[in-house]
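Next come the chains, spelled out residue by residue.
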Amino acid sequence: MMLYAALRIVGFELKGLAAIGRWIVRRRHGVPAGATAVTYSKEQTFMMTLMTFAMAVETVVLDLLLVSLGVPAWLRYAVLVADVYGLLFVAMLVAACVTRPHVLTAGELRIRYGAYFDARVPRELIASVRSGRAYGAGHMVTVEGGRVSVAVSSQTNVTVELTEPITVVRPLGRRAEVTSIRFFADSPEPLLTALRAELPARS
């Protein structure tokens, strides 16, 4: 299990690096022709940009401080590598969220959070969909009582109820059966309208 989790983490890093490349060339992952991309990263991108700036300033200041204190070069470089990795991690997270939006096609609703979560929901299993902002999600992905919450900045604003369970995979590989999904969308109304359009015809 530990090895499997470690391999998933390595996979996240590789996908994050690839996402930076996609972000630079303005390409998205897994959005086929005719599909609707639903973004969810605008609110957190602003906060992460501020955090990245603060981390960059801290990296420079800390390195200057270590030099002035005469800290051995090996230790200084180790701290510098750790700080630079922190900056790279934030960049990978932001890039993955921007380039991997939620996706609505004729056959499914794909709910994602960067490279860390990816759930495919067949549209014929959607019983209802509603909006409503909920706060206080403690983790990026939380499963409780048959419901998975995929939060952005600790909040969700769309809830999808299913007619039967689907299996979702948590970031470190644990699986869960859920019949309800909460997630966040920057502009939920177009998604809600598109999903509701075929619900009456199915009932």
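Asker: Tell me about the pattern of salt bridges, and please be specific about residues and values.
Answerer: Any two side chains of opposite charge can pair if their charged atoms end up close together. Considering all chains together, one arrives at 6 salt bridges under this definition. Between glutamate 43 and arginine 133 there is a salt bridge whose closest N-O contact spans 3.7 Å. Of the two residues, glutamate 43 is situated in helix H2 (residues 42-68) and arginine 133 in strand S5 (residues 126-135); the sequence distance between them amounts to 90 residues. One salt-bridge network, held together by shared partners, links Arg130, Arg147 and Glu161.

Asker: Account for the environment of phenylalanine 117, with residues named and values stated.
Answerer: Along the polypeptide, phenylalanine 117 turns up in strand S4 (residues 117-122). Considered as a pair, phenylalanine 117 and arginine 130 are 13 residues apart in the sequence and their alpha carbons are 21 Å apart. Beyond its immediate sequence surroundings of up to four residues, phenylalanine 117 is in contact with Ile111, Arg112, Val141, Val148, Val150, Val168 and Val169.

Asker: I'd like a rundown of the sheet that holds strand S1 (residues 36-38), residues and numbers included.
Answerer: Strand order in the open sheet made by the 4 strands is S1-S2-S3-S4, with antiparallel pairing throughout. The strands lining the two open edges of the sheet, one partner per strand, are S1 and S4. Between one strand axis and the next, the sheet turns through 15° on average, direction left out of account. Where strand S3 (residues 108-113) lies against S4, 6 bridges are found, and the strand directions are antiparallel. Each residue of the ladder has a partner; that of arginine 110, found in S4, is arginine 120.

Asker: Talk me through the side chain of arginine 76; I want residue IDs and the actual numbers.
Answerer: Secondary-structure assignment places arginine 76 in helix H3 (residues 73-99). In this structure, arginine 76 is in contact with Asp63, Leu66, Val67 and Val71, ignoring residues within four places of it in sequence.

Asker: I'd like a rundown of H3, residues and numbers included.
Answerer: In this model, H3 (27 residues) spans 38 Å end to end at C-alpha, consistent with the 39 Å of a helix rising 1.5 Å per residue. When H3 is considered as a whole, its buried residues turn out to be Arg76, Asp83, Gly86, Leu87, Val90, Met92, Leu93, Val94, Ala95, Ala96, Cys97 and Thr99. Elements that come into contact with the buried residues of H3 comprise helix H1 (2-25), H2 and S3.

Asker: Pulling in residues and values, what's your account of the packing of H2 against H3?
Answerer: Direction vectors running N to C along H2 and H3 enclose 170°, while the axes themselves pass 10 Å from each other. In terms of their interaxial angle, H2 and H3 are classed as roughly antiparallel. On the side of H2, the interface is formed by Gln44, Thr45, Met48, Met51, Thr52, Met55, Ala56, Thr59, Leu62, Asp63, Leu66 and Val67, while H3 contributes Arg76, Val79, Leu80, Asp83, Gly86, Leu87, Val90, Leu93, Val94, Cys97 and Val98. For the contact of H2 with H3, a count of residues per class yields 15 nonpolar, 5 polar and 3 charged.

Calculation criteria
Within every chain, residues take consecutive numbers counted from 1 along the sequence as written. Residues qualify for local features only when their pLDDT is at least 70, as the model is predicted, and side-chain atom pairs are given and counted only at 80 or more; totals for whole chains, interfaces and linings, by contrast, use all residues. To obtain the side-chain values, all non-hydrogen atoms of the structure were included, while hydrogens and water were left out. Salt bridge, as used here, is a side-chain nitrogen of Lys or Arg placed within 4 Å of a carboxyl oxygen of Asp or Glu. The numbering of helices and of strands both runs from the N terminus, where a helix is a DSSP run of H or I of at least 4 residues and a strand a run of E of at least 2. Note on definitions: a residue-residue contact is assigned when non-hydrogen atoms from the two residues lie within 4.5 Å. Any two strands with at least two DSSP bridges between them are considered paired. To get an axis, a line is fitted to the C-alpha atoms, and for a helix only the part in contact is used. The angle between two axes follows their N-to-C directions and goes from 0 to 180 degrees. Here the expected length of a helix is defined as 1.5 Å per residue gap, with one fewer gap than residues. Three labels apply to residues, based on accessible area from a 1.4 Å probe with only protein chains included: buried if under 20% of the type maximum, exposed if over 50%, partly exposed otherwise in between. An angle below 35 degrees is treated as roughly parallel, one above 145 as roughly antiparallel, one from 65 to 115 as roughly perpendicular, and anything else as oblique. In this count, Pro and Cys sit with the nonpolar residues alongside Ala, Val, Leu, Ile, Met, Phe, Trp and Tyr, while Asp, Glu, Lys and Arg are called charged and the others, Gly among them, polar.

Interpretation in functional terms is not warranted from these geometric data alone.
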